Amino acid sequence: MFRENKVKVFLIVGIITALLVVAVASWLSGSNPEVLRRIEALIKSYGYTGVFASTIVAGSVIPFGSPIIVGCAAGFGLDVPTLALIAATGYTLGVLTSYVPAWLFGERYVKRKVGEETFQQYIESWNKYGYKLCVLFSLVPGFPVDLLALVCGCFHTKAKFFIPICWFTLLIQFLLCGWIGQFVVCLLYTSDAADELDG
């Protein structure tokens, strides 16, 4: 029963996020159609390299909307599977800027704050449930995966598990965001074209 509730909550959060993206994109294009044209020009200027660089930054300690970047880039013509591969790789590299320092210095800090015994209890709990949480939270668009990387680093989650989990779940997330972005931009341009014919 608890598992069914988690799945329902996960689906509801995903649907709400998608609807918010559509609403924001509709509002931006409705209030000023020039915004879409500027975003399109920016994406065409920098292409995959710009997406890669921006997702590295988004995965680091400077969070901003990488799912929206991927959605816009896909909507304006970049290939979704290639885009998702590049974005997942860039974001994973950015996340490592949180994971590695936490791995190196986090354990001592946390032990000093909570004590050795409590820290060992955290480690046991994390080893039991941590990988499932990594998968779940990495799939949720907008969730701060860099914060998750800090926790994984502090609790010495093995990199051979953390990196593939992070990369693969982000790949799935960015594929979905790319396809949603294509759909939304198609809808927006279709409505703009209809408005121009009417006007």
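To keep things clear, this report deals only with the structure shown in the data block. Being a predicted model, the structure only gives us computed values, none of them experimental.

Observations concerning a nonpolar patch on the surface
Now for step 1: Where nonpolar side chains cluster on the molecular surface, the patch consists of Phe168, Ile172, Leu176, Trp179 and Ile180 and spans about 460 Å² of accessible area.
Now for step 2: Tracing the backbone through its elements, the reader meets Trp179 in helix H7 (residues 159-198).
Now for step 3: Judged by relative accessible area, which is 46%, Trp179 ranks as partly exposed.

Here we look at the packing of aromatic side chains
Now for step 1: In total, this model carries 6 aromatic pairs according to the counting rule given.
Now for step 2: Ring plane angle 50° and centroid distance 6.0 Å describe the contact between Trp126 and Phe155, whose orientation is recorded as tilted. Of this pair, Trp126 sits in helix H5 (residues 116-139) while Phe155 sits in the loop between helix H6 (145-154) and H7, and the two are 29 residues apart along the sequence.
Now for step 3: Residue classification places Trp126 among the buried residues on the basis of a relative accessible area of 11%.
Now for step 4: Following the ring pairs from residue to residue traces out a cluster consisting of Phe119, Tyr122, Trp126 and Phe155.

Some remarks on the pattern of salt bridges
Now for step 1: Taken as a whole and assessed by the stated rule, the structure comprises 2 salt bridges.
Now for step 2: In this structure, Glu107 engages Lys111 in a salt bridge whose closest nitrogen and oxygen atoms are separated by 2.8 Å. With a gap of 4 residues between them, Glu107 and Lys111 both fall in helix H4 (residues 80-114), about one helical turn apart.
Now for step 3: It is possible to trace a salt-bridge network through shared partners that takes in Glu107, Lys111 and Glu116.

What counts and how
- Residues numbered from 1 in each chain as written.
- Predicted model: local features only at pLDDT ≥ 70, side-chain atom pairs only at ≥ 80, totals over all residues.
- Heavy atoms only, no water.
- Patch = residues over 30% accessible without salt bridge, like charges linked within 9 Å, V, L, I, M, F, W, Y side chains within 5 Å.
- Areas by Shrake-Rupley, 256 points an atom, 1.4 Å probe, with all protein chains shown as cover.
- Salt bridge = Lys/Arg side-chain N within 4 Å of Asp/Glu carboxyl O.
- Helix = DSSP H or I, 4+ residues; strand = E, 2+ residues; numbered from the N terminus.
- Buried < 20%, exposed > 50% of the residue type's maximum accessible area, 1.4 Å probe, protein only.
- Phe/Tyr/Trp six-rings, centres within 6.5 Å; stacked < 30°, edge-to-face > 60°.

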